Amino acid sequence: MNMRPNNGHSASATPPPRGSSSSRGGSSSAAQQLQTTALAQTHSAHFYTLVRRIGECKSRTEEITIATKEAAYLKGVLAKNEATPEVLIRLLYAEMLGADASFAYIHAVKATHSSHLQTKRLGHLLVQLFLTSKDPLMLLLINTCHQDLKSADVLVVCAALHTLARLTSEDTIPAVLPTVVELLNHKSQLVRKKAVMVLSKFQKVTSDATTKQMLQQKFCLMLCDKDPSVMGASLNGLHDALCTHMEGEDLIRMKNLVPSLVSILKQITQRRLPRSYEYHRTPAPFIQIKLLKMLAKLGQNDQASSEHMYQVLSEVLKANGRQ
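Residues numbered from 1 in each chain as written. Predicted model: local features only at pLDDT ≥ 70, side-chain atom pairs only at ≥ 80, totals over all residues. Heavy atoms only, no water.

The next thing to look at is the overall build of the protein chain. From N to C terminus, the protein chain includes 18 helices and two strands. In the protein chain, once contacts between residues fewer than 6 apart in sequence are set aside, the share between residues at least 24 apart is 62%. Of the accessible surface of the protein chain, which amounts to about 18300 Å², a share of 53% is contributed by carbon and sulfur atoms. (Helix = DSSP H or I, 4+ residues; strand = E, 2+ residues; numbered from the N terminus. Contact = heavy atoms within 4.5 Å. Areas by Shrake-Rupley, 256 points an atom, 1.4 Å probe, with all protein chains shown as cover.)

Contact geometry for helix α10 (residues 173–182) and helix α11 (residues 189–205): axes closest at 10 Å, N-to-C directions at 150°. The two elements α10 and α11 cross, and the hand of that crossing is left-handed. Seen from α10, the contacting residues are I173, V176, L177, V180 and V181; seen from α11, they are A195, V198, L199, F202 and V205. Broken down by class, the residue content of the contact of α10 with α11 amounts to ten nonpolar, no polar and no charged. (Axes fitted to C-alpha atoms, helices over the stretch in contact; angles between N-to-C directions. Left-handed = near helix turned anticlockwise from the far one by under 90°. Nonpolar A, V, L, I, M, F, W, Y, C, P; charged D, E, K, R; others polar.)

Turning to the nonpolar core, a few remarks are in order. Counting residues in hydrophobic clusters, the biggest one holds 72 residues, and the most contacted among them are L131, V180, L199, F202 and L261. Leave out the neighbours within four places in its chain, and L199 touches L177, V180, V181, L184, L215, K218 and F219. Judged by nonpolar contacts, the second largest core, of nine residues, contains I54, C57, A71 and A99. (Core = buried A, V, L, I, M, F, W, Y, C linked by side-chain atoms within 4.5 Å. Buried < 20%, exposed > 50% of the residue type's maximum accessible area, 1.4 Å probe, protein only.)

A separate point is the side chain of T172. Among the structural elements, T172 can be located in the loop between α9 (154–167) and α10. Relative accessible area serves as the criterion here: at 12%, T172 is assigned to the buried category. Of the polar contacts made by the side chain of T172, one reaches the backbone oxygen of S169; its length is 2.9 Å. (Polar contact = N/O pair within 3.5 Å; in protein donor to acceptor, adjacent residues only side chain to side chain.)

Before going further, it helps to spend a moment on helix α13 (residues 228–244). The terminal C-alpha atoms of α13, which comprises 17 residues, lie 24 Å apart, in line with the 24 Å expected from a rise of 1.5 Å per residue. Summarising burial for α13: 13 of the 17 residues are buried, a large majority. (Expected span 1.5 Å × (residues − 1).)

This part is about the side chain of S169. Relative to the assigned elements, S169 resides in the loop between α9 and α10. Setting aside residues up to four positions removed in sequence, S169 forms contacts with S133 and V205.

This brings us to the packing of helix α12 (residues 209–222) against α13. At a closest axis distance of 8 Å, the pairing of α12 and α13 adopts a crossing angle of 145°. The element α12 and its partner α13 pack so that their crossing is left-handed. Taken together, the residues of α13 that come into contact with α12 (itself represented by Q216, F219, C220 and M222) are V230, M231, S234, G237, L238 and A241. The residue inventory of the contact of α12 with α13, partitioned by class, reads seven nonpolar, three polar and no charged.

Right, let's talk about the pattern of salt bridges for a bit. Side chains bearing opposite charge may pair, as long as their charged atoms lie close to each other. The full count for this structure, using the stated rule, is eight salt bridges. Between K204 and D240 there is a salt bridge, with its nearest N and O atoms 3.8 Å apart. Here K204 is found in helix α11, whereas its partner D240 is found in helix α13, with 36 residues between them in sequence. As a salt-bridge pair, E278 and R271 come within 3.1 Å of each other at their nearest N and O atoms. Residue class for E278 comes out partly exposed when judged on its relative accessible area of 25%. Shared partners join several salt bridges into a network, and the residues in it are E70, E86 and R90. (Salt bridge = Lys/Arg side-chain N within 4 Å of Asp/Glu carboxyl O.)

Without other data, these values stay purely geometric and don't point to any function.
Okay, structure coming up:
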C-alpha cells in the first residue's frame, strides 16, 4: 500500500503525473482530485508515511521496529495532547503489528463517550480490538454501552451491540440484558438481528439456567420475525443450545419447534427467501444445514417428530438434485 497526500499545500507534495486530472480535465478527474484533497485534509503526511513504510517492509523485524517507534512517539503525543481519531488509528496500526499500546486503552474507552458519530464508532472498534472481557476498563465501557443501546441513532446502537458481542462476560450480562431484550422490538431489522446475536453470546457465556431458558424463549419468538436475517440469527442461537448442551426436559420442550423448523425449511426449498441468500444457485445452504442438524437432534428416537420431517426431507433431496 503506497498512499501519499497531495493537497497542494505541502512542500513535499508530489506533482501530478502527465495525463492526470490536472491535464485531462473532466468531471471524473475533478471528482478524483476532490477525493484526494479531502483525504489529505483528513489525515496528516505522517499517517501516509507510516502506511507507506509498513507496506514497503521486507521482513517482520522491520515491521516491529516501525511499530515500536510509532508507539513510543504517540505515547509522547498523548502525554501532551488529547487523542485525535488519527492518533488512535495509528495506535491501532502499532498494536496490530506487535507494539505495546496499552497506554492508549483508556483513550479508546474515552472515544466511545464522544458525541461525534465517527469518533464514537472508532472508539467502539478500538475497544473491541484492544480489550478483553476481563479488562478492568470494562467497568467504564459497560456504562457507555448501556447508554448507547438507548440511542436514537441506529449506527450508535449497532456499535454498542458489536462491543457487547465481543467483550461480554458473565458479570456484565445482568447490567445490559434487559436493554438488549428490548431491542428485539426495534423497528430496524439490522438492530434486531444484532440484538439476537448478542443474546447468542450471552447464552454461551452465562451459567445461569434460568437466563438460558429465557434466552431460548426469545430465540423461538424471533424465529417468526418478518426479516430472514433475524430468523437466521435466531436459528444460530437455537442451534447452539440444541446441539451442545441440551438434554432431558429441555430437549423435550424444544420438540415443539419441529413444525416451525419444517415450515422454514420448506420455504427455503421453495425459494421464497430473497435471492441474496442463494449460494451457487442453492437457496440458503448454510441455514439449511443448521435446520437439518436441529431436526436430526429433535427427531432422534422420536417417531412422532420424525414423521413431521419426512416430506420436507424428500423435498430437500429433490431440490438439491439427490433424487
